[in-house]
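Structural overview
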Amino acid sequence: MEFSHSDEELVKQPIGYWSWAASQAVVTYIRAGLSGVGLTQPQWWTLHQVAEHPAGRTREEITAVLKGYLDVGADLEPEIDATLERGLLEPDEDGRLHFTEAGEALYAQAAEIQRASRETVHEGVTDAEFLTTMKVLQRMIHNTGGEAWHH
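This text gives an overview of the structure that appears in the document. The structure presented is a predicted model; accordingly, all values stated were derived computationally and were not measured.

Examining the pattern of salt bridges
Considering all chains together, one arrives at 5 salt bridges under this definition. Here Glu-61 and Arg-96 are joined by a salt bridge, their closest N and O atoms 3.1 Å apart. One end of the pair, Glu-61, is in helix H4 (residues 59-66); the other, Arg-96, is in the loop between strand E1 (89-91) and strand E2 (97-99), with 35 residues separating them in the sequence. For Glu-61, a relative accessible area of 26% translates into the label partly exposed. Owing to a relative accessible area of 22%, Arg-96 belongs among the partly exposed residues under this scheme.

So, in structure tokens, the structure goes:
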């Protein structure tokens, strides 16, 4: 890969621009993959929350975890509604959401897309490089008084 600048020039580049550009490129790539199976990224997040919790998740639990993801906030409710309307999830008597057969099948298909997307995004990046990048970004977030959290 050819980089945009020499090493001496790269260290002077604005992190705000490059972290934004990386975010835009990766999120666009992920969303395009998910759209191929008819899911938005927030719908994927919702399904993933249910997959990780065999006892099911309430809307409130899902929203509490996901509301900060890419500024989705209140826009998450219609996304949860869409998974119900499409018959991917259904509530039990306690309001906990669980997969339907169709939801479980689509989740498995989307999980494979996500796995392949991660592989593509991480191509040529070692675990050590990725770890350093994550720590540097988190340090910069901390240094600026920002907040970020991912489950």
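Some details on the packing of helix H3 (residues 41-51) against helix H5 (residues 76-85)
Axis angle and axis distance: for two packed helices, these are the angle between their axes and the distance between the axes, and together they describe the pair. Where H3 meets H5, the closest approach of the two axes is 9 Å, and the angle between their N-to-C directions is 65°. Between H3 and H5, the angle is such that the two are roughly perpendicular. The element H3 and its partner H5 pack so that their crossing is right-handed. Residue-level inspection shows Pro-42, Gln-43, Thr-46 and Leu-47 of H3 in contact with H5, the latter providing Leu-76, Glu-79, Ile-80, Ala-82 and Thr-83. Across the contact of H3 with H5, the residue classes break down as 5 nonpolar, 3 polar and 1 charged.

Focus on the packing of aromatic side chains
To describe a pair of aromatic rings, one takes the distance between the centres and the angle between the planes. Overall, the coordinates contain 5 aromatic pairs when judged by the stated rule. On the numbers, 5.0 Å between centres and 5° between planes, the contact of Trp-44 with Tyr-107 is stacked. Of the two residues, Trp-44 is situated in helix H3 and Tyr-107 in helix H6 (residues 101-121); the sequence distance between them amounts to 63 residues. Members of the aromatic cluster, each reached through a chain of ring pairs, are Tyr-17, Trp-18 and Trp-20. Lying across the ring of Phe-130, Arg-118 places its NZ or CZ 5.7 Å from the centre.

Quick word on the environment of Glu-79
As for its placement among the helices and strands, Glu-79 is situated in helix H5. For the pair Glu-79 and Met-134, spaced 55 residues apart in the sequence, the C-alpha separation amounts to 28 Å. Sequence-distant contacts of Glu-79, that is, excluding residues within four places in its chain, are made with Thr-40, Pro-42 and Gln-43. In terms of polar contacts, Glu-79 uses its side chain to reach the side chain of Thr-40, at 2.8 Å.

Here is what the cut-offs are and how they apply
- Residues numbered from 1 in each chain as written.
- Predicted model: local features only at pLDDT ≥ 70, side-chain atom pairs only at ≥ 80, totals over all residues.
- Heavy atoms only, no water.
- Salt bridge = Lys/Arg side-chain N within 4 Å of Asp/Glu carboxyl O.
- Helix = DSSP H or I, 4+ residues; strand = E, 2+ residues; numbered from the N terminus.
- Buried < 20%, exposed > 50% of the residue type's maximum accessible area, 1.4 Å probe, protein only.
- Axes fitted to C-alpha atoms, helices over the stretch in contact; angles between N-to-C directions.
- Parallel < 35°, antiparallel > 145°, perpendicular 65-115°, else oblique.
- Left-handed = near helix turned anticlockwise from the far one by under 90°.
- Contact = heavy atoms within 4.5 Å.
- Nonpolar A, V, L, I, M, F, W, Y, C, P; charged D, E, K, R; others polar.
- Phe/Tyr/Trp six-rings, centres within 6.5 Å; stacked < 30°, edge-to-face > 60°.
- Lys NZ or Arg CZ within 6 Å of the ring centre and 35° of its normal.
- Polar contact = N/O pair within 3.5 Å; in protein donor to acceptor, adjacent residues only side chain to side chain.

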